[in-house]
Amino acid sequence: MTRYVIVRVLQAAAVLWAAFTVSFAVLYLLPGDPVELAAGATPGTPVDPAAIAEMRARYGLDQPMWQQYRTALTHDVQGDLGRSLSTGQSVTGALAEALPTTLALASFALALAVVFGTALALAATYTESRWLRGLLTALPPIGASAPTFWVGLLLLQLFSFRLRWVPAFGGTGLQGTLLPAVTLAIPVGAVIAQVLHTSLAQTWRQPFVEVALAKGASRWWVQLRHVLRPAVAPALTVAGVWVGTVLAGSVIVETVFSRAGLGRLTQTAVLNQDIPVVQGIVMLTAVAFVLVNLAVDLVYPALDPRVAQAFRVKEPSHA
């Protein structure tokens with residue numbers, strides 16, 4: 001088990017380093033001068049070259065690329081994400097202000113996705129009606145293929161503009177969070193339902209299920225007691241992978257529903273080429289993705305002890 005944990009932690013560290021390196025290279029190679037944008041330079045408007053040079057020196061952008069990379073990596077490891085080129089505010093502070101709203105939305109959406117995706121998969125596997133099973137299994141591919149922005153606009157049109165049940169833009173509390181959360185939850189829940197249904201169907205064909213049914217157990221008891229636990233591992237992995245997708249999708253959803261959060265912060269930072277803020281958001285998403293998937297990997301051995309056994313070092317046999 002110790003070897004398994006060490007391998008997973010090293011893999012998580014490698015993913016974070018790769019995310020930092022790729023994002024740094026992409027942002028460094030973007031056309032345009034972020035310092036001039038931050039200084040308010042526009043075509044035909046002269047800007048004091050001394051002010052531009054001073055700003056570049058202040059943020060270390062006058063150094064060679066490799067030195068900027070080393071400095072930024074060292075500061076990131078220490079928890080210092082730098083300062084915004086546009087506002088001068090610390091990136092950590094900007095993220096701390098925007099994160100609670102987005103985190104509440106993403107957590108609510110993920111909870112809805114897990115609950116409804118699991119319920120749909122259990123219902124599709126449990127029912128013996130062929131037409132109902134076909135209907136339930138046809139829903140996840142539709143939900144997974146629907147574009148997030150289109151779903152959000154459709155829900156706005158129906159529940160806000162026509163039925164007027166919830167506020168259209170900028171709402172707070174449960175009413176203001178429900179539609180954005182459902183918009184994010186639909187594709188995630190659809191994928192969870194697809195994977196879990198496939199895994200449940202395969203587990204139902206195992207010999208131990210036939211033994212349990214032969215002993216007189218009901219189908220519902222067998223499904224919850226004997227089938228669900230070994231079948232849930234692939235769906236758990238999918239849920240962990242989609243955490244990063246939910247955070248990334250919140251950028252689109254918060255823009256559609258005019259919500260303050262990481263989405264608005266990302267939009268502003270990208271338009272202004274605010275490199276420290278953009279890279280801070282990338283690293284925040286990567287850390288969330290890595291931590292959730294690391295937690296999933298550590299839960300795996302509890303669901304299936306064979307996972308940890310695969311990492312055990314075989315002891316040499318003694319004659």
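Conventions adopted
- Residues numbered from 1 in each chain as written.
- Predicted model: local features only at pLDDT ≥ 70, side-chain atom pairs only at ≥ 80, totals over all residues.
- Heavy atoms only, no water.
- Helix = DSSP H or I, 4+ residues; strand = E, 2+ residues; numbered from the N terminus.
- Buried < 20%, exposed > 50% of the residue type's maximum accessible area, 1.4 Å probe, protein only.
- Patch = residues over 30% accessible without salt bridge, like charges linked within 9 Å, V, L, I, M, F, W, Y side chains within 5 Å.
- Areas by Shrake-Rupley, 256 points an atom, 1.4 Å probe, with all protein chains shown as cover.
- Salt bridge = Lys/Arg side-chain N within 4 Å of Asp/Glu carboxyl O.
- UniProt positions renumbered as here; feature names shortened; annotations may be inferred.
- Phe/Tyr/Trp six-rings, centres within 6.5 Å; stacked < 30°, edge-to-face > 60°.
- Lys, Arg positive; Asp, Glu negative; His and termini not counted.
- Polar contact = N/O pair within 3.5 Å; in protein donor to acceptor, adjacent residues only side chain to side chain.
- Contact = heavy atoms within 4.5 Å.
- Expected span 1.5 Å × (residues − 1).
- Bend = angle between axes of the 7 residues up to and from the residue.
- Axes fitted to C-alpha atoms, helices over the stretch in contact; angles between N-to-C directions.
- Parallel < 35°, antiparallel > 145°, perpendicular 65-115°, else oblique.
- Left-handed = near helix turned anticlockwise from the far one by under 90°.
- Nonpolar A, V, L, I, M, F, W, Y, C, P; charged D, E, K, R; others polar.

Here the focus is the environment of Leu 139. Summarising the element assignment, Leu 139 is placed in helix 6 (residues 130-145). Given a relative accessible area of 41%, Leu 139 falls into the partly exposed group. Separated by 51 residues in sequence, Leu 139 and Ala 190 have C-alpha atoms that sit 7.5 Å apart.

This part is about a nonpolar patch on the surface. A contiguous nonpolar patch, built from Phe 149, Trp 150, Leu 153, Leu 154 and Ile 252 and spanning about 520 Å² of accessible area, is present on the exposed surface. Per-element tally for the nonpolar patch: the top contributor is helix 7 (residues 148-162), with four residues. Within the secondary structure, Leu 154 is located in helix 7.

A word on the UniProt feature "transmembrane region" (unreviewed entry) in the protein chain. Mapped onto the present numbering, the UniProt feature "transmembrane region" (unreviewed entry) falls at residues 12-30, 103-123, 135-158, 178-196, 231-257 and 277-296. Structurally, residues 103-123 comprises 100% helix and 0% strand, and the distance from its first C-alpha atom to its last is 30 Å. Secondary structure within residues 178-196 divides into 100% helix and 0% strand; the distance between the first and last C-alpha atoms comes to 25 Å.

Quick look at the packing of aromatic side chains now. Scanning all chains against the criterion turns up three aromatic pairs. Ring plane angle 20° and centroid distance 6.2 Å describe the contact between Phe 20 and Phe 24, whose orientation is recorded as stacked. Of this pair, Phe 20 and Phe 24 are both found in helix 1 (residues 2-28), four residues apart, which corresponds to roughly one turn of the helix. Exposure remark for Phe 24: the relative accessible area of 8% places this residue in the buried category. Through a chain of ring-to-ring contacts, the aromatic side chains of Phe 20, Phe 24 and Tyr 69 assemble into a single cluster.

Here we take up the side chain of Glu 254. Position of Glu 254 relative to the elements: it lies in helix 10 (residues 219-256). There is no salt bridge for the buried Glu 254, and the closest opposite charge comes from Arg 259, which lies 5.0 Å off by N-O distance. At 2.7 Å, the side chain of Glu 254 forms a polar contact with the side chain of Thr 102. When neighbours within four sequence positions are excluded, Glu 254 is seen to be in contact with Thr 102, Leu 105, Arg 259, Ala 260, Gly 261, Leu 262, Gly 263 and Arg 264.

Turning to helix 7, a few remarks are in order. The end-to-end C-alpha distance of helix 7, which contains 15 residues, comes to 20 Å, matching closely the 21 Å that a straight helix rising 1.5 Å per residue would cover. A bend of about 30° at Leu 156 is the largest found in helix 7. For helix 7, the set of buried residues is Val 151, Gly 152, Leu 155, Leu 156 and Ser 160. The first or second residue beyond helix 7 is Arg 164, which carries a positive phi of 55°.

This part covers the packing of helix 5 (residues 91-126) against helix 6. The relative placement of two packed helices is expressed as an angle between their axes plus a distance between the axes. Packing of helix 5 against helix 6 brings their axes to within 8 Å, and their N-to-C directions diverge by 150°. Judged on the interaxial angle alone, helix 6 and helix 5 are roughly antiparallel. Read as a crossing pair, helix 5 and helix 6 show a hand that is left-handed. Taken together, the residues of helix 6 that come into contact with helix 5 (itself represented by Leu 120, Ala 123 and Ala 124) are Arg 133, Leu 136, Thr 137, Leu 139 and Pro 140. When its residues are assigned to classes, the contact of helix 5 with helix 6 shows six nonpolar, one polar and one charged.

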